[in-house]
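Structural overview for review
Each chain, letter by letter, is given below.
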Amino acid sequence: MSEKLTSKELLNQLTQKHYTDAKLAKERGGLVAWSTSIAPQEFCETMGIEVLYPENHAAAVGAKGGAIPLLQHSEGNGYSLDLCSYARINLGYMEMQDCCFENIPLPDLIICCNNICNTLIKWYENIAKELNIPMIMIDVPYNCEYEVTQARVDYIRGQFEEAIRQLEEICGRPFDYERFEEVMKISSEAATTWKYAMDLAAHVPSPLNGFNIFNYMALIVCMRGKPESIQLFKTVAEELEELIKNGASQFPVKEEFRVMWEGIACWPYLSHNFKTLKSYGINVVGSTYPDAWTLLYEANDLDGMARAYASVMNNTNLARQVDLRTNIIKDTKCDGAIYHLNRSCKLMDFMQYELQRQVFEKTGVPYVVFDGDQTDPRNFAKAQFETRIQALVEMMAERKKLLAME
Amino acid sequence: MDRLNTLLEEINAVVSHPAQVVKKFKEETGKKVIGCVPYYCPEEIVHAAGALPVGMWGGQTRLSKSNSYFPAFACSIMQSVMEFALNGVYDDLEAAIIPAPCDTLKSLGQDWISAAPQVKPIHIVHPQMSHIPAGIRYMETELEHVRSEIEKIIGEKITDAALNQSIEIYNEYRQTMREFTEIAAIYPHIISPKIRHRVIKGAYFAKKEWYTAVVKELIGELKKQPVLKWPGKKVILTGIMVEPDGLLDLFDEYRFAVIGDDLAQESRDFRTDVPAGDQPLARLAAQWALRDCCSLIYDPAKKRGQMLIDMARDGEADGIVLCMMKFCDPEEFDYPILKKEFEAANIPLLYLEIDQQMQSIEQARTRIQGFSEILLG
């Protein structure tokens, strides 16, 4: 009997499988789709379409230091430097079809859900136009109300039906509702397992090295409709529980401070950011990522599925976003918060100042902001990041002292 | 020419002093004023309530307080709208309708709640999949929400009959404005780019029935004038808007006539009529489904490029000016596609950056001058 794989081994194996399967499908003449990161993958999974995720791909390209040639290619085509760097990397890749990471096949169709931003609509429109391929759009209206209204749920459901109709036309066969039910069950279980594993980070000291979330995330994006992802997150959970039992952690140094990381990682500087935080014993124990893919609904409950996809944090109103961060900080016992003012993400940035003020008012936890970008390495300065973290450490230490005196 | 000049002066007074117009309206009628943040607010509902809908397209100001909500890379319209809100410029408004077709507007709508609590926000989120039945039904519920919010403000019901009547008034206004843009193309020696812009902009601060009458009379006066051969070049403008006025003066200085536009503040707003019918909200939802060729409306076929190419050919334009609102994602994503299509169609294109807060127009001058030389070359 072979020895059980560690989560790290499993993660690498599954990532490889994800890219290989897409390439093989393309070679065999099968369909490949590109999808936004929190789109309802259930439909393509049901129809056996291999789905690739440009945001994930761009993040990996950025993390491996290969963003610049693709960014420059897009800029040469007229894409402004002010636009999302994931989009610029992907639109550059679409033409160059060569990058420092896995080369992915071009799509036969695309699926776009704007529950994380409306920028995606524009980006995907351009892919559809340039490649002359069908686009499936799931428009999830921004929730100005705290809860998703029934009118919005009905609208999204109507689009699910339209997506099924489009897929039947593209695939030339009827939609398989039995398989759909199965995929929905798997997806929900994957989401539950993911959430369970990530929530273990709340333990003091945290068994999780917060930066590992950025690695695990790749799989909850790509494979949350496949049973392998359940296996992976179960393994992650088992390892974390084992660490808790032994009073140990993935975090390599003593956990001096626990913080919430707001926003997307700065992929090109992941290692720098981690080392800077580690040097002060700062572990990221809170982030919005666990919640982002906790898409829970009962199988065959299309209203529930619509509501789940519409409730993704970026799509909720400011009051609910404030509550989410406040709860993260409280539940994971954070000493501070780091806000990434991500040059690529207007939706996250343009509410962030008010978010910071309101979260601080509710938690009293000190915070710092740094200027960065998810994948454009030109929009980040190491020195600024280091200075801000140093300032945060001073504030957190001061607050700890005061709290100890009380 | 006297009557024509008088009409233009009347319009100019409205555009130059919107705050006075609002105050006067409130004093004379005792009715409410409701702001309409871009884009595509259902103004007819405000009108049917007897209130005055007022366009909120920002303006030239010094940005200072807005920095506490927006970093520097937000578009200048929303920056100045926020600055005005924080400075109390909108305090005469009872409420502001805030749509959410882009990420900046979603944020503005939320930030507004703490930034300007004195002006009630009325949120509306238009469907992007407006061509399917579920999209139209959803749009109706959004419109119903706007109607009920305004009813709360005025303390009265807005009847279907009143709404249908307002729709007719607005359809007439839209037809009149379209006719004006056609006439303006014939009389560029009288209707300069700046005057053209101001005639269109004035409608955002006036009761539409009055404004339509003024513009109709203006059209009549223009038609009496001799048609002269235009010695300069002809262009079509596309983008969100063209301001400040100094920029429009440059077009005049370099002898460019604006013979048509696809600006969100201008023709995009009035190019689609509300279809006939009995149910006013269904009619308004149907109008939304008909709107297209706009960077803020989902279109995987991206028909905007071909529309502009057709406009340029039909109007015998010498070129297209893409007025790029700085930091506007939707427009910036359309640009590479448009650029490619115009190149293939052999239509000269000028990319002109728009920032309402631009301190100097000299950079724009260089670009407009350069474009003029290319076209003359």
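Below is a short write-up of the structure.

Criteria and cut-off values
- Residues numbered from 1 in each chain as written.
- Chains lettered and ligands numbered in written order.
- Predicted model: local features only at pLDDT ≥ 70, side-chain atom pairs only at ≥ 80, totals over all residues.
- Heavy atoms only, no water.
- Helix = DSSP H or I, 4+ residues; strand = E, 2+ residues; numbered from the N terminus.
- Rg over C-alpha atoms; globule rule 2.2 N^0.38 Å.
- Contact = heavy atoms within 4.5 Å.
- Areas by Shrake-Rupley, 256 points an atom, 1.4 Å probe, with all protein chains shown as cover.
- Lys, Arg positive; Asp, Glu negative; His and termini not counted.
- Charge placed at Lys NZ, Arg CZ, Asp CG, Glu CD.
- Buried area = accessible area lost by both parts, 1.4 Å probe.
- Salt bridge = Lys/Arg side-chain N within 4 Å of Asp/Glu carboxyl O.
- Polar contact = N/O pair within 3.5 Å; in protein donor to acceptor, adjacent residues only side chain to side chain.
- Buried < 20%, exposed > 50% of the residue type's maximum accessible area, 1.4 Å probe, protein only.
- Axes fitted to C-alpha atoms, helices over the stretch in contact; angles between N-to-C directions.
- Parallel < 35°, antiparallel > 145°, perpendicular 65-115°, else oblique.
- Left-handed = near helix turned anticlockwise from the far one by under 90°.
- Nonpolar A, V, L, I, M, F, W, Y, C, P; charged D, E, K, R; others polar.
- Phe/Tyr/Trp six-rings, centres within 6.5 Å; stacked < 30°, edge-to-face > 60°.
- Lys NZ or Arg CZ within 6 Å of the ring centre and 35° of its normal.
- Core = buried A, V, L, I, M, F, W, Y, C linked by side-chain atoms within 4.5 Å.
- Pairing = 2+ DSSP bridges.

**A few points about the overall build of chain A**
- Within chain A one finds 17 helices and 8 strands.
- Over its C-alpha trace chain A gives a radius of gyration of 21 Å, about what one expects of a compact globule, namely 22 Å for 406 residues.
- Expressed along its principal axes, the backbone C-alpha trace of chain A runs to roughly 70 × 50 × 50 Å.
- Restricting to contacts in chain A with at least 6 residues of sequence separation, those with at least 24 account for 78%.
- Accessible area of chain A: about 15000 Å², with a carbon and sulfur share of 52%.
- Between the mean site of the 40 positive side-chain charges and the mean site of the 55 negative ones, chain A shows a separation of 4 Å.

**Looking at the interface of chain A and chain B**
- Of the residues lining the interface, 48 residues belong to chain A; the matching set on chain B comes to 48 residues.
- Carbon and sulfur atoms supply 61% of the area buried between chain A and chain B, which totals about 4300 Å² over both sides.
- Counting every contact that joins chain A to chain B gives 6 salt bridges.
- Taken together, the connections running from chain A to chain B amount to 23 residue pairs in polar contact (both at pLDDT 80 or more).
- Considering every element that reaches the side of chain A that touches chain B, the biggest residue donor is helix H6 (residues 119-131) of chain A, with 9 residues.

**Focus on helix H8 (residues 193-202) of chain B**
- Burial analysis of H8 of chain B places 8 of its 10 residues in the buried class, the great majority of the element.
- Along H8 of chain B, the positions that sit buried rather than exposed are Pro193, Arg196, His197, Arg198, Val199, Ile200, Lys201 and Gly202 of chain B.

**Considering the packing of helix H1 (residues 7-27) of chain A against helix H9 (residues 212-222) of chain A**
Residue and element names in this part refer to chain A.
- It is the contact of H1 with H9, at a shortest axis distance of 10 Å, that shows an interaxial angle of 45°. For the element pair H1 / H9, the angle class is oblique. The element H1 and its partner H9 pack so that their crossing is left-handed. Across the interface between the two elements, Ser7, Leu11, Leu14, Thr15 and His18 of H1 pack against Asn215, Tyr216, Leu219 and Cys222 of H9.
- Considering only residue class, the contact of H1 with H9 consists of 5 nonpolar, 4 polar and no charged.

**Side note on the packing of aromatic side chains**
- Applying the stated criterion to the full structure yields 40 aromatic pairs over all chains.
- Both rings, one in Phe211 of chain A and one in Phe214 of chain A, keep their centres 5.3 Å apart while their planes meet at 85°; by these two values the pair is edge-to-face.
- Judged by its relative accessible area of 8%, Phe211 of chain A is buried.
- Classification of Phe214 of chain A as buried rests on a relative accessible area of 5%.
- Above the plane of the ring of Phe73 of chain B lies Arg343 of chain A, whose end atom (NZ or CZ) is 4.1 Å from the centre.
- The residue whose ring lies beneath Lys208 of chain B is Tyr173 of chain B, and the NZ or CZ to ring-centre distance is 5.0 Å.

**Topic: the nonpolar core**
Residues and elements named next belong to chain B.
- Core analysis: the biggest nonpolar cluster contains 249 residues, and Ile77, Ile97, Leu108, Trp112, Ile150 and Ile240 have the highest contact counts within it.
- If we skip the residues at most four places from it in the chain, Ile97 touches Ile34, Gly35, Cys36, Val37, Cys41, Pro42, Val46, Ile122, Ile124, Val146 and Ile150.
- Within the second largest apolar cluster, 25 residues are counted, among which are Leu7, Met177, Val215 and Leu218.

**Notes on the pattern of salt bridges**
- Applying the stated rule across the entire model yields 69 salt bridges over all chains.
- Linking Arg88 of chain A and Asp376 of chain A is a salt bridge whose minimum nitrogen-to-oxygen distance equals 3.2 Å. Here Arg88 of chain A is found in helix H5 (residues 85-96), whereas its partner Asp376 of chain A is found in the loop between strand S8 (367-372) and helix H17 (382-405), with 288 residues between them in sequence.
- When the shortest N-O distance is used, the salt bridge between Lys254 of chain A and Glu256 of chain A registers 3.7 Å.
- Since its relative accessible area comes to 34%, Glu256 of chain A is described here as partly exposed.
- Overlapping salt bridges bring together Lys122 and Glu125 of chain A together with Asp262, Arg268, Arg271, Lys302, Arg304, Glu331 and Asp334 of chain B as one network.

**Description of the sheet that holds strand S3 (residues 95-99) of chain B**
Residues and elements named next belong to chain B.
- Read across the open sheet, the 4 strands follow the order S2-S1-S3-S4; overall the sheet is parallel. Edge positions in the open sheet fall to strand S2 (52-55) and strand S4 (120-124), since each of these has one partner strand only. Here the average twist between neighbouring strands, direction ignored, is 25°.
- Two strands pair when backbone bridges link them, and S3 and S4 are joined in this way by 5 bridges, in the parallel orientation. Counted as the bridge partner of Ala95 is Lys120 from S4.
- The sheet contacts of helix H6 (residues 133-154) involve strand S1 (33-36), S3 and S4, and relative to S4 the element is tilted by about 165°.

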